[in-house]
Amino acid sequence: MAVAGLKLGWSAVLLALSLLVAAAYGQPPGNTPADVGFICATAGELGLAGEPPVLAFSVFEKGVWKPAEAFVEPEDVAFLLVPLLTGDKPEKGVVQGQLPPPVLKNETTICFKPGRGAPRAKPPAEGKLAVVKKRGEVYHVFITRPEAAPHANFSISQMGKPQGERPDEVKTEGALPKSKPRGGGEAEAQLTTGMTYWASFKLYSSFNKVLGLGQCAVFEFDVPAETADAALVLLGGTTPGTYSYYVEKWQNGAKTATYSGQTTVYSGSPQTVAVWMGGGRATYKGRICNPCLSSAAVYTAALVRVVNQQQYLRQDTTKMPKTHIHLSTSFDSKPPANPQLLRNSYVAVPGFLVDAASQITVDVYLRVLKSKAASTLYVYWGPLYLGSITGYTDPTDSNYLVFQTRITIPSSLYMYLLPTNGLGGVISIGPVDASPGFDAEVRIWTYVQRPVELAPAGDYLYRDYYTKRFRETTLVFHDVVGSAPPQVALMADLEYIAMSDGNYMIILNTKPLVIGDWTGKTNFVKLRYYIKGFDSNSIPVGFSVAVGPVYKLGSNILLEILQYISAALSYYDLAKSTLDALKGARVQFPIVGYITLLLSSYVSSISTNVIGYYDAGRGAAVLEFYTGGYNEPLTTYWGLFPSIRSVDTVVVTGVDLGLCDSISCYWFNIFSADGPSMPITTLGQGSVSGYVNAFPYRTLMCGIQEIPHIRDVDKCLRQYFR
């Protein structure tokens, strides 16, 4: 029996579904059956074979369509961790893990929490209805694509295989909507726009808290007027179990709604949305409680979707040079535990962090021996499937295939990327055959168009507070045999921070990357950045440059009270806690780790080579930093003072990398441009100001919402965190 949901009126569809249920299973039960756990059917039974693994699930309960937990059975893979693969012992960089299959097979198991009976109302999207029978009872689930799914009504499938029961029978009706291509669109270099975006931030008073049985952690946060929806999220690292929540929504001094209930965190889940709470300017006051476990750790965050907000554009980018990988003809020490997995390997690059976005674009390049790859490869961010790439023969060497594409990530996936700062921060490409003799070159760049703050353009917050205007991230992996420096794996973040006084601070911090018990080195690396300013007529603006001190871990001064440095490093402090907690969730995909200077650290200034000057020939400020012999996190800053006050745009137009030995440095260019070139250039608004008191809370600057503190606008101080 077929139901043409698009051609019939929905009342006819409901009638047809009722007949389907009655004919196949008998009438839906009049009495409420016992609560059912997970139902586990195959993709073939659900009519989903051949589909990508990212699908959205919903059930109809108590008169509304609600998100339904769903899991896709993963497959075993080997991850080729790029920082560890460029040296003489590559086997240390081959680790076993799991990913959802890029294409669902007939036998792929999909487990979901079903709704009772058959739905009594039209689903909120086009899609496929599955009706199942178990022990004489009827259940259902509705399935569609994420881009077609209203976020408050659906959950996107996660990777996993929880314990569940096989259904006695399965019937399906309808079809998934046509998939949309994920090619790359070009972002426009508009600096003030009606922006729609997602953003996430930590809830300090209930983040990384241990609750005894019956204990609660409280939280409070605000959202701006343009908010379309807000959610309370439990992050990976939260102890698996059931939690209760209670939230009050306050608007204009009055309590307008309350939300209460329970939510379950499953083992291995990167994040769990506890409740959606609607939109509008509001203050949310609530608590998360542990009613069942003797002890439970909780990590909470807020997730917001803001629509059509007048906003200053902030364009962040992450770049790396093309990095060569070669696995020797035989492993020099213990081979991987399962050599067969080498034929199902994914090249994994760490260092991609994000917490807010209106558009995310990924540029992928992989050059690999033809004998080591099929003609189609797949891209994942953490466990999240992004899309496929078709290779072509390298015109310079017919023994190699080149895979190169630009993927614009659907905004429907942002709510799954942002609370975890990017589901572990690792982007993977495969499968490839990584048996000995594997040879490849990889490069991944990401571009994130995003808001400066939750406050709209014109808010006085931009006049009176420092805010981050952009972040340029550089990833460096170097461990070539016989070439200095060895075992380098670092993440360098260059951030532009400003308020409306017309002067700008550029903060750089370098962080060793950590994989398992291995820590990358950062010594003998030089980084050179070129920064241009333009006025409203796109005419270059000159700068004078001042050089600040360099800090390392020490004992002289609390980092939290250092001007500008405190404001820049708070985000990495909180992101590190999030990523470390995600590791504790026993997820089966790689997670980036790094060592950073924490707000609670004491630091000391050191002497190393920092240069800053204006190159009139290039029309750019040139900022150069040398890590010297230090294998630890370092941070410094420059002051940029424009020749005129009305700078409209500040752009990073070039990045050079120098790899040094005791005598000299080998320099090469990672990226260069003459001016704004979207989406690949890092870009931020120049002077911004405002006089409207619309939203006073600085939030994205520190990664956590702050109580206004006009005396310390250039710091992120824990005493002001909400």
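Residues numbered from 1 in each chain as written. Predicted model: local features only at pLDDT ≥ 70, side-chain atom pairs only at ≥ 80, totals over all residues. Heavy atoms only, no water.

Peer 1: Would you mind going over the overall build of the protein chain in detail, with residue names and values included?
Peer 2: Across its full length, the protein chain holds four helices and 47 strands. Over its C-alpha atoms the protein chain spans a radius of gyration of 26 Å, differing by no more than 12% from the 27 Å that the globule rule assigns to 722 residues. Looking at the protein chain as a whole, 62% of its 722 residues qualify as buried. Surface exposure of the protein chain reaches about 25,600 Å², of which carbon and sulfur atoms provide 49%. Averaged over its 60 positive side-chain charges, the protein chain has a centre that lies 4 Å from the centre of its 57 negative ones. (Helix = DSSP H or I, 4+ residues; strand = E, 2+ residues; numbered from the N terminus. Rg over C-alpha atoms; globule rule 2.2 N^0.38 Å. Buried < 20%, exposed > 50% of the residue type's maximum accessible area, 1.4 Å probe, protein only. Areas by Shrake-Rupley, 256 points an atom, 1.4 Å probe, with all protein chains shown as cover. Lys, Arg positive; Asp, Glu negative; His and termini not counted. Charge placed at Lys NZ, Arg CZ, Asp CG, Glu CD.)

Peer 1: Quick rundown of unusual backbone geometry? Include the residues and the values.
Peer 2: Pro431 follows Gly430 through a cis peptide bond whose omega is 0°. With omega at 5°, the peptide bond leading from Met678 into Pro679 counts as cis. Topologically, Pro679 is positioned in the loop between strand E46 (665–672) and strand E47 (682–685). With a phi angle near 50°, Lys62 is a residue other than glycine that sits in the positive phi range.

Peer 1: How would you sum up the state of the cysteines? Please name residues and give values.
Peer 2: Counted according to the given criterion, the structure contains four disulfides. Each sulfur of the disulfide joining Cys216 and Cys289 lies 2.0 Å from the other. Judged by the sign of its S-S torsion, about 105°, the bond between Cys216 and Cys289 is right-handed. With a gap of 73 residues between them, Cys216 in strand E16 (residues 216–223) and Cys289 in strand E21 (residues 282–289) connect regions that are remote in the sequence. Taking relative accessible area as the criterion, Cys216 reaches 38% and is therefore assigned partly exposed. Cys289 gets classed as buried once you look at its relative accessible area, which sits at 9%. (Disulfide = S-S within 2.5 Å.)

Peer 1: Any details on the environment of Cys665? Residues and values, ideally.
Peer 2: Here Cys665 is to be found in strand E46. Residue classification places Cys665 among the partly exposed residues on the basis of a relative accessible area of 26%.

Peer 1: Can you break down the pattern of salt bridges residue by residue, with the values?
Peer 2: Summed over the entire model, instances satisfying the criterion amount to 30 salt bridges. When the shortest N-O distance is used, the salt bridge between Lys134 and Asp168 registers 3.8 Å. Residue Lys134 is found in strand E9 (residues 128–134), and its partner Asp168 is found in the loop between strand E13 (164–165) and strand E14 (169–174); the two are separated by 34 residues along the sequence. Between Asp656 and Arg528 there is a salt bridge, with its nearest N and O atoms 3.5 Å apart. (Salt bridge = Lys/Arg side-chain N within 4 Å of Asp/Glu carboxyl O.)

Peer 1: Mind laying out the nonpolar core, listing which residues take part and the relevant values?
Peer 2: With 197 residues, the main nonpolar core has Leu366, Trp381 and Val442 as its most contacted residues. Listed in part, the 21 residues of the second largest apolar core include Ile39, Leu55, Val72 and Leu176. (Core = buried A, V, L, I, M, F, W, Y, C linked by side-chain atoms within 4.5 Å.)

Peer 1: Residue-level account of helix H4 (residues 565–584), with values.
Peer 2: The end-to-end C-alpha distance of H4, which contains 20 residues, comes to 29 Å, matching closely the 28 Å that a straight helix rising 1.5 Å per residue would cover. Of all 20 residues making up H4, 15 are buried, and the element is well covered by its neighbours. (Expected span 1.5 Å × (residues − 1).)

Peer 1: Help me get a handle on the sheet that holds strand E6 (residues 94–99), residues and values and all.
Peer 2: Sheet strands pair via backbone hydrogen bonds, and the direction of the pair is either parallel or antiparallel. Strand order in the open sheet made by the six strands is E6-E5-E24-E31-E27-E28, with mixed pairing throughout. At either margin of the open sheet sits one strand with a lone partner, and together these are E6 and strand E28 (384–390). Going from strand to strand, the sheet's axes swing by 30° on average, the running direction of each strand aside. By the bridge criterion, five bridges tie strand E24 (residues 345–350) to strand E31 (residues 426–432) in an arrangement that is antiparallel. (Pairing = 2+ DSSP bridges. Axes fitted to C-alpha atoms, helices over the stretch in contact; angles between N-to-C directions.)

Peer 1: Please give an account of the sheet that holds E13 that cites residues and values.
Peer 2: Pairing in this open sheet of five strands is mixed, and the strands run E12-E4-E7-E1-E13 from one edge to the other. Sheet topology places strand E12 (158–159) and E13 at the edges, where each strand pairs with a single neighbour. Two elements, strand E1 (residues 38–42) and strand E7 (residues 109–112), share four bridges in a ladder whose sense is antiparallel. Each bridged residue has a counterpart across the sheet, and for Ala41 the counterpart in E7 is Ile110.

Peer 1: Pulling in residues and values, what's your account of the confidence of the model for the protein chain?
Peer 2: Averaged over all residues, the pLDDT of the protein chain equals 89, while 90% of them reach at least 70. Here residues 1–16 scores under 50 on pLDDT; set against residues more than four positions off or in separate chains, the count is 18 contacts. Note that residues 18–34 has pLDDT below 50 and, in this model, 28 contacts with residues that lie over four places away or in other chains. (pLDDT = per-residue confidence, 0-100. Contact = heavy atoms within 4.5 Å.)

Peer 1: How would you summarise the pairing of strand E43 (residues 620–626) if you had to cite specific residues and measurements?
Peer 2: For a regular strand, the rule is simple: side chains alternate between the two faces of the sheet. With seven of its seven residues buried, E43 lies for the most part within the structure. Of the two faces of E43, the one lined by Ala620, Val622, Glu624 and Tyr626 and the one lined by Ala621, Leu623 and Phe625 are each fully buried. When strand E37 (residues 525–534) meets E43, the two strands line up antiparallel, connected through six bridges. By the bridge assignment for E43, Arg528 is matched with Glu624. Count of turn residues in the strand E42 (residues 610–615)/E43 antiparallel hairpin: four residues, of which Gly619 carries a positive phi of about 70°.

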